[in-house]
Amino acid sequence: MKNRGYWTNLISLAKETTVFETVFTTVVAAAFGVMFWGWTFVYDVLKPFLKVFGLNYIVAGLWVISAILVASIIRRPGIAIIAALISAFVESLFTHWGLISITSGLAQGVGAEFIFFLFYYKRWDLPVIIMASISSAALSYLTDYFLYEYSSLSHTIITIQFFSFLVSAIFFSGFLTNYLINRLKKLGVLNRFLIMKK
C-alpha cells in the first residue's frame, strides 16, 4: 500500500507541472543547448592536447549541467530527462556530433533522474546534486564507450577518461549548479518554483 501511495504521489507531482514551469524548462534547456554548442569550440581546441593523456573528458562535465540545474529548480519527475533531451537536440542542430548528441542527452537525463528518483524527489542538497552529476556522467560515458568503440583503448586510458569525466561533472555540474541556484535564490527569481517551497 505504501508503494502504491508513493507512485500515486509521484504521478500527481508530475501532473501538477505548470505551464510556466514547462516554458521555463524549454527555454532554459534550449539556452543550455546553445551554450553547449559554444563549449564545443573550447573542447575541440583542447582535445588534441588532452587526448594524449586520456584527459579529453576533463572539460566534458559542463554538458551534464542542463539536466541537473533545471531539475533542481522544477523538482518534478521527468524534468531532468526532458531538459537534457531539449538541450541535446538544440546542440545537435549546430555541432558536428549531430543526432548522436540526443543519445548522450538521454543518457545524461536518465542518469540524473535515477538519483532524484532514489531520493523520492525530496532531497535536493549538494550531496544529492553531486551524486546526480556523477550518475549522469557515468551513464553518458558508458554510452560513449559503445558509440565510439572505446573497447579498443587501453584500460589505463579508459579509466582516466571515466574518472576525469566524473571529476569534471562534480565541478561543472555539481558545485556550479549549487552556486547558481543559491545566487538565483538571493535574486528572488525562483519564487514561483517548488525550490522555494521545499
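This text gives an overview of the structure that appears in the document.

Definitions and limits used
Residues numbered from 1 in each chain as written. Predicted model: local features only at pLDDT ≥ 70, side-chain atom pairs only at ≥ 80, totals over all residues. Heavy atoms only, no water. Helix = DSSP H or I, 4+ residues; strand = E, 2+ residues; numbered from the N terminus. Contact = heavy atoms within 4.5 Å. Buried < 20%, exposed > 50% of the residue type's maximum accessible area, 1.4 Å probe, protein only. Polar contact = N/O pair within 3.5 Å; in protein donor to acceptor, adjacent residues only side chain to side chain.

1. Brief notes about the environment of F53
Here comes step 1: With respect to the helices and strands, the residue F53 is situated in the loop between α2 (19–51) and α3 (65–74).
Here comes step 2: Ignoring anything within four residues of it in the chain, the contact list for F53 reads I157 and I160.

2. Remarks on unusual backbone geometry
Here comes step 1: In the Ramachandran plot, Y120 falls in the positive-phi region, its phi being about 60° despite a non-glycine side chain.
Here comes step 2: Within the element layout of this structure, Y120 appears in the loop between α5 (100–118) and α6 (126–147).
Here comes step 3: The exposure class assigned to Y120 is partly exposed, which follows from its relative accessible area of 47%.
Here comes step 4: The backbone of E149 shows a phi angle near 55°, a positive value even though the residue is not glycine.
Here comes step 5: Position of E149 relative to the elements: it lies in the loop between α6 and α7 (155–187).

3. Re the side chain of S164
Here comes step 1: Mapping S164 onto the fold places it in helix α7.
Here comes step 2: Since its relative accessible area comes to 6%, S164 is described here as buried.
Here comes step 3: A polar contact is formed between the side chain of S164 and the backbone oxygen of I160, at a distance of 2.8 Å.
Here comes step 4: Setting aside chain neighbours within four positions, we find S164 in contact with G54, L55, Y57 and I58.

4. Focus on α3
Here comes step 1: The element α3 is largely enclosed, with a buried count of ten among its ten residues.
Here comes step 2: Listing the buried residues of α3 in full gives I65, S66, A67, I68, L69, V70, A71, S72, I73 and I74.
Here comes step 3: On its buried face, α3 is in contact with α2, α4 (79–92), α5, α6 and α7.
Here comes step 4: Phi turns positive one or two residues past the end of α3, at R75, with a value near 60°.

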